[in-house]
Amino acid sequence: MIILEQILNGVQFGLTLFLMSAGLTLIFGIMGVINLAHGSLYMIGAYAAALTAVRTGSVWLALVGGLAAAALGGIVIEFAVVRRLYARNHLDQVLATFALVLIINQGANMLLGRQPLFVAMPPALSGSVTLLPGLTYPVYRLLVIAVGATVAAGLFAMIHGTRIGMLVRAGATHRQMVRALGVNVALLYTAVFGIGALLAGLAGVIAGPITSVQVGMGEQVLILAFVVVVIGGLGSVRGAFFGAIAAGLVDTLSRAFLPTLFRQIMDGSNADALASGMSAISIYLLMALVLLMRSQDLLAEKS
Amino acid sequence: MTSPMLELRGVCKRFGGLTATDDVSLAISPGELHAIIGPNGAGKTTLLNQVAGELRHDAGAILLDGHEIGTLPPWERVGRGLARTFQITQLLPDETVLDNVTLAVQVQRGHSFRFFADARSDPDAHAQATQFLQDVGLAASASVRVADLAHGERKQLELAVALATRPSLLLLDEPMAGLSFVESQHMVALLRRLKGRVTMVLVEHDMDAVFALADRISVLVYGRVMATGSSDDVRANPAVRTAYLGEDGD
Amino acid sequence: MTSDTLEARRSGRTYAFPMSRIVIFVIAVAILALVPAGATALHMPSVTGFATQVLIYAIAAMSLNLILGYGGMVTFGHAAFFGVGGYVLGILYQHSAQRSAFLALVPGTDNLAVALLAAVLIGAATAAVIGSLSLRTRGVPFIMITLAFAQMLFFLFVSLKTYGGDDGLMMRRRDVVPFVDARDDISYYLICLTLAVGWLVLTWCLVRSRFGAVLSGLRQNERRMMAIGIAPYRYRLVAFVIAGAGAALAGALMANYLRFVSPDMMHWTKSGELMMMVILGGAGTLFGPILGAAAMLALETALAAYTENWQFYLGIILLAVVMTTRGGLSALLDRASGR
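Just so it is clear, the structure is predicted and the values come from calculations on it, not from any experiment.

Undergrad: Is there a simple way to think about the overall build of chain C in this case?
TA: If you tally the helices and strands in chain C, you get 14 helices and four strands. Taken over the C-alpha trace, chain C has a radius of gyration of 20 Å; the compact-globule value for 339 residues is 20 Å, and the two agree within 12%. Referenced to the eigenvectors of the C-alpha coordinate spread, the extents of chain C come out at roughly 55 × 50 × 40 Å. Sequence-distant contacts, at least 24 apart, represent 78% of the contacts inside chain C between residues at least 6 apart. In the structure as shown, chain C presents an accessible area of about 12,700 Å², 69% of it carried by carbon and sulfur atoms. Charge separation in chain C, taken as the distance between the mean sites of 24 positive and 15 negative side-chain charges, equals 13 Å.

This is how it looks when you write it as C-alpha cells:
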C-alpha cells in the first residue's frame, strides 16, 4: 500500500513538473528561445495566489489571481525583453533571461520580504479519502493529479486538433514557412508565451499549499524542468509528459525507499548518508543515463 | 579494368515518406572526373552528403578504393583520402585565407593535440598552404580575412582547403554556383588542370562546364540514376531529354 | 548551422603578440605585485583582500572563457568545478585537522600545494565526466544539461552532512606552504597573482597552438572542421576538462582565502556571475575575463555598499549590457584606443 501511495505522490510531482516543462518545450520548439525566467513565472503564480488567498479567503479568487498574474507577467516579459531575443544567439538569450531572474527574484524580496509564506490548505480539500482498503490519500493531491492530467489532455487536443496547434506544429519545424504564409507570427509568439506562462503559473498555484512559497522556488523547479525536457527530447510535448512522469516517480520513490534498501546492505548511518545523497541526485542520474544511451548522433541534429 | 576509386552499391536514403536516394549504384575509376547532373531536388547533394558521411545511408554500400567507408564518421573518411567542397561555402570567417588552408595542411599531417607550439609559426605548413593558394589563383589574397572575401574567391578557397587535405577523391558540390562568367571559366580551367591528379565527382548545374570537363556523366532524377555514359551518350538519351531537359529546360 | 557560434565576438584576435604588448604585460604584472605595498602605505589593507578575490575570480573566468569565448560552448554550469575545487581543499583540511581519512583511505592535508594539485586533478576528472555526457549535445540542450549537472553537485553537497551540508565547511586556519608564510594576506595575494599569471600564459599558449586553432575553428564552423578531418567531440572535451581544472584551482584558492566553503559556491547564480564576467570583459579575448572579474567585483562591492538588494540593480545593468552592446569591455577599450 505504501508503494501505491508513493507512486501516486510521484505521479503528482511528475504532473507538476509537466506543467512547467510543457511551457518550456513549447516556447523553445516554436520560438527557438531558452527562457530562464520561466521559473519566475512559477513563483509569480504561487505568490499571487497565496496573497489573494490571504486577502480574500477565496480559493477560486486565489486560483484566478495566480493564473492572471503569471500570464500577465509572461506577456510583459515577452513584450519587453524576449521578443528582442528571437534573432539573437543562445548566449544572449541566457544572459538576458538570467538578468530577468535576478531582477524578479530580488524585486520579490524587496516587495514581499524574505520570509517564506505558508499557504493554508483550503478546508474543503484538506481531508483524505480512502481509495482502497488500507490506502487513504489526501484529497488535495488527488485534485492536483486530476488537474495535471486534464491539462495534459487538453494540451494534446489543442496541439493535434486546432488551428493554433497546427501552427504550433508547423512553427516548430518550419519557422520561415509559417512566416511566409502570412500568419501574424508576433501575435502567435506572444500567445504561445502566454500559454507557457499560464501553465507555469498553474504549477506555482497548486504547489503553494504543498511546499512553502518563497523566492528561489522557481529556479529549483526550472532546473528540474530542464532535466525533464532533456530526458523527453527538446521541443516535444509528448516527450515532456513521459519525461516528467519518469522524473517524478524516480525522485519520489528513491526518497521513499532508498534508505530502507541501503540499510539492508550496510550499517545505519552510512546507509542514511548514501541514501540521502543518492535520492537528492536521482533525477540527474536518470538524465545522465538517458544521455549515455542516446547515441552521439551529430548528423541527425544537423539536417 | 582497374578497380574503382569510388563504388556505390545500391545506396538508399529515405526521409520519412520521401525517397531521396533510390538504389544508386555507380563505379568511378581512378583519375576520372564524373559529373552528376539532374533537376533541382533530384537528390544530388543528398548523395554527396552520404558519400562524405554527413548523412548515413539506409541501405547499400559505399566503397572507397575497395574499402567500405559507409559506417565511418565524416572525419575518418577524410583520413581515408576523401575531401569535399560545399555548395554554400563553409569556411572559418574569422581567420585569414592562408590560415584556413594552413589548418587543413596541419590536420592532414597528424592529430592536433599540440598545446604549446605556436600554430602560426610553422613555415613548412605555410609554404604548402601558399602552394595550394597559388594552385587555385588566390595567393594574392592570402592575408585577407575570409569574412571580407568576395563570393567567387570563397569558392576558390573551398577548393584550396579541400586540396590541402591531399585527397584521392574529391567531391565538388556546385563549384560554379553564383560565379560570374569569367570566374566560371577560371574554375573550369582550374578543374581541368586537376584532372588526372585527383578523382573527382562533380555535382553541377552549369551544363557548359559539365560537358567541358566530365569524362562520364550520370543523370539523377528523383533519386535514381537514369543514365550513365559519355557526354554524347547522355545528350542523345531520349529518356534524359524528356525527364531532365524537358523539366529544367534551359 | 552555426547559430550557436559567437560570430559577433570576433574581436579576439590575440595571436599576434608583439614586443610592445609584452612590455605592457610585464609592467602590468609589476604594478599588480606592488598592490599590497601600496595598500599598506595608504592604510587601506582591505584593497589587498579585494585584489586577491579579483585574481581568483579572474582564473575562474579565464578558464570559462577558454570554452565559452574561444570554443563557443555555452555552458551554464561552470561554478560546479569552482565548488568542487573548494570542497577538495576544505575536505582535505578537515581530515587533516581531525586526523582522519577521506573514505577511511585518503589522509587529509593542510599543505596548500598538495591541496591545489588535488583540486585541479579532481576538477579535471569531474569535468571529464560531465563533459563527456553533455558534449553529446549542443545548443540549448547543452546549456540545460550543464546547468542540471551543476545543480546535481549542489544538491549532493547539500546532502553531505559530514562536510557541513547546507551550512558548509569552516576552516580554522589557512593551508600552509613550505618556506612561505601563506597564511599572511600579502604572501597569499602574491601566490594568487603568480597562479593567475601562470594561467594567463597557459591560456595564451593554448589559444595560439594548433589545439587552439582547432577549438576556435569548431566555434566558427563545425562542418568545415569535420570536412578537413577533425573529430569535434574529442577536442571540445579536452578543452572542457582544462577549463574544469582551472575553475577548480580558483575554487580551492577561494576556499582557502575565505577559510570557508559551502554549496553556494556551485549555486547556479554563481555560474551566471562567471558568465557575466566573461561577457562583460569580452569573450574570446585574452585579458577580457580579468577585466570582467575586476569590473564585476567592483560593481558588486559598490552596489552592496548602498543597498542589500544589489542583485536587482546588477540584473538591470546586465540586461542593459546584453540588449545594447556587443563585445564587452575589451571591445570598448579597443574602440577607445582606435584599433
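Structure's up, so let's keep going.
Undergrad: Looking at this model, I keep getting lost on the nonpolar core. Mind explaining?
TA: Nonpolar side chains tend toward joint burial in soluble globular proteins. Counting 252 residues, the largest nonpolar core has Leu 36 of chain A together with Val 101, Leu 157 and Leu 159 of chain B as its most contacted members. Leaving out residues up to four positions away in the same chain, Val 101 of chain B has contacts with Ala 129, Phe 132, Leu 133, Leu 157, Ala 160, Val 161 and Ala 164 of chain B. Ranked by size, the runner-up nonpolar core spans 23 residues in total, among them Ala 42, Leu 64, Ile 69 and Leu 220 of chain B.

Undergrad: Looking at this structure, I do not really get the environment of Val 221 of chain B. What am I missing?
TA: When you line up the elements, Val 221 of chain B lands in strand 9 (residues 216-221). Note: C-alpha distance between Val 221 of chain B and Ile 37 of chain B (184 residues apart in sequence) is 8.6 Å.

Undergrad: Would you explain the interface of chain A and chain C in this entry?
TA: Put simply, an interface is often sized by how much accessible area is lost when its parts join up. Taken together, the contact pairs 48 residues of chain A with 52 residues of chain C. Summing both partners gives a buried area of about 4,700 Å² for chain A against chain C, and 76% of it is carried by carbon and sulfur. Across the chain A-chain C interface, the total number found is zero salt bridges. Of all the secondary-structure elements, those providing two or more residues to the side of chain A that touches chain C are helix 4 (90-112), helix 9 (217-232), helix 11 (268-280), helix 12 (282-293) and helix 13 (298-302) of chain A. At 15 residues, helix 4 of chain A tops the list of elements feeding residues into the side of chain A that touches chain C. Taken together, the residues of the side of chain A that touches chain C sort by class into 32 nonpolar, eight polar and eight charged.

Undergrad: Help me understand the sheet that holds strand 5 (residues 67-68) of chain B in this model?
TA: The strands that make up a sheet pair up through hydrogen bonds in the backbone, lying either parallel or antiparallel. Residues and elements named next belong to chain B. Taken in spatial order, the four strands of this open sheet run 2-1-4-5, and their pairing is antiparallel. Pairing within the sheet leaves two strands with one partner each, and these edge strands are strand 2 (18-28) and strand 5. Here strand 1 (residues 6-15) pairs with strand 4 (residues 59-64) via five bridges, running antiparallel. Across the sheet, residue Glu 7 finds its bridge partner in strand 4, namely Leu 63. Seen against the sheet, helix 1 (residues 44-52) touches strand 1, strand 2 and strand 4 and runs at an angle of roughly 115° to strand 1.

Undergrad: I would appreciate a short explanation of the pattern of salt bridges in the present structure.
TA: Proximity of charged atoms lets side chains of opposite charge pair with each other. A full pass over the atoms with the stated rule returns 20 salt bridges over all chains. Between Asp 22 of chain B and Arg 224 of chain B there is a salt bridge; the shortest N-O distance is 3.9 Å. Here the residue Asp 22 of chain B occupies a position in strand 2, and Arg 224 of chain B occupies one in strand 10 (residues 224-229), the gap between them amounting to 202 residues. The shortest N-O distance in the salt bridge between Asp 185 of chain C and Arg 174 of chain C comes to 2.9 Å. In this pair, Asp 185 of chain C sits in helix 7 (residues 185-208) while Arg 174 of chain C sits in the loop between strand 3 (169-170) and helix 7, placing the two residues eleven residues apart along the sequence. Taken together, the salt bridges that share partners define one network made up of Glu 54, Arg 84 and Asp 173 of chain B together with Arg 223 of chain C.

Undergrad: Just to check I follow, could you spell out helix 5 (residues 151-164) of chain B for this structure?
TA: Within an α-helix, residues lying three or four positions from one another point in the same direction, as the helix has 3.6 residues per turn. Residue and element names in this part refer to chain B. Taking 1.5 Å per residue, 14 residues should reach 20 Å; helix 5 reaches 20 Å between its end C-alpha atoms and fits that length. Within helix 5, eleven of the 14 residues are buried, leaving the element largely enclosed by the surrounding structure. Every buried residue belonging to helix 5 is among Gly 152, Lys 155, Gln 156, Leu 157, Glu 158, Leu 159, Ala 160, Val 161, Ala 162, Leu 163 and Ala 164, and all of these are buried.

Undergrad: Looking at this structure, I do not really get the packing of aromatic side chains. What am I missing?
TA: Working definition: an aromatic ring pair is given by the centre-to-centre distance plus the angle between the planes. Counted according to the given criterion, the structure contains 16 aromatic pairs over all chains. An aromatic cluster is present here, built from Phe 18, Phe 156, Phe 241 and Phe 242 of chain A joined pairwise through their rings. Note that Arg 235 of chain B overlies the ring of Phe 211 of chain B, its terminal NZ or CZ placed 3.9 Å from the centroid. Between the NZ or CZ atom of Arg 208 of chain C and the centre of the ring of Trp 204 of chain C, over which it lies, the distance is 4.4 Å.

Undergrad: Can you walk me through the sheet that holds strand 9 of chain B in this structure?
TA: Residues and elements named next belong to chain B. Strands sit in the order 6-7-8-3-9-10 across an open sheet of six strands; the sheet is mixed. The two strands at the open ends of the sheet, each matched to only one other strand, are strand 6 (82-84) and strand 10. Geometrically, the sheet is characterised by an average inter-axis angle of 20° between neighbouring strands, direction not taken into account. Here strand 9 pairs with strand 10 via five bridges, running antiparallel. Bridged to Val 221 within strand 10 is Arg 224. Sheet strands in contact with helix 5 are strand 6 and strand 7 (169-173), and its direction is about 160° off that of strand 7.

How each quantity is defined
Residues numbered from 1 in each chain as written. Chains lettered and ligands numbered in written order. Predicted model: local features only at pLDDT ≥ 70, side-chain atom pairs only at ≥ 80, totals over all residues. Heavy atoms only, no water. Helix = DSSP H or I, 4+ residues; strand = E, 2+ residues; numbered from the N terminus. Rg over C-alpha atoms; globule rule 2.2 N^0.38 Å. Contact = heavy atoms within 4.5 Å. Areas by Shrake-Rupley, 256 points an atom, 1.4 Å probe, with all protein chains shown as cover. Lys, Arg positive; Asp, Glu negative; His and termini not counted. Charge placed at Lys NZ, Arg CZ, Asp CG, Glu CD. Core = buried A, V, L, I, M, F, W, Y, C linked by side-chain atoms within 4.5 Å. Buried < 20%, exposed > 50% of the residue type's maximum accessible area, 1.4 Å probe, protein only. Buried area = accessible area lost by both parts, 1.4 Å probe. Salt bridge = Lys/Arg side-chain N within 4 Å of Asp/Glu carboxyl O. Nonpolar A, V, L, I, M, F, W, Y, C, P; charged D, E, K, R; others polar. Pairing = 2+ DSSP bridges. Axes fitted to C-alpha atoms, helices over the stretch in contact; angles between N-to-C directions. Expected span 1.5 Å × (residues − 1). Phe/Tyr/Trp six-rings, centres within 6.5 Å; stacked < 30°, edge-to-face > 60°. Lys NZ or Arg CZ within 6 Å of the ring centre and 35° of its normal.

Note that every value here comes from positions in space, so none of it alone points to a role or purpose.
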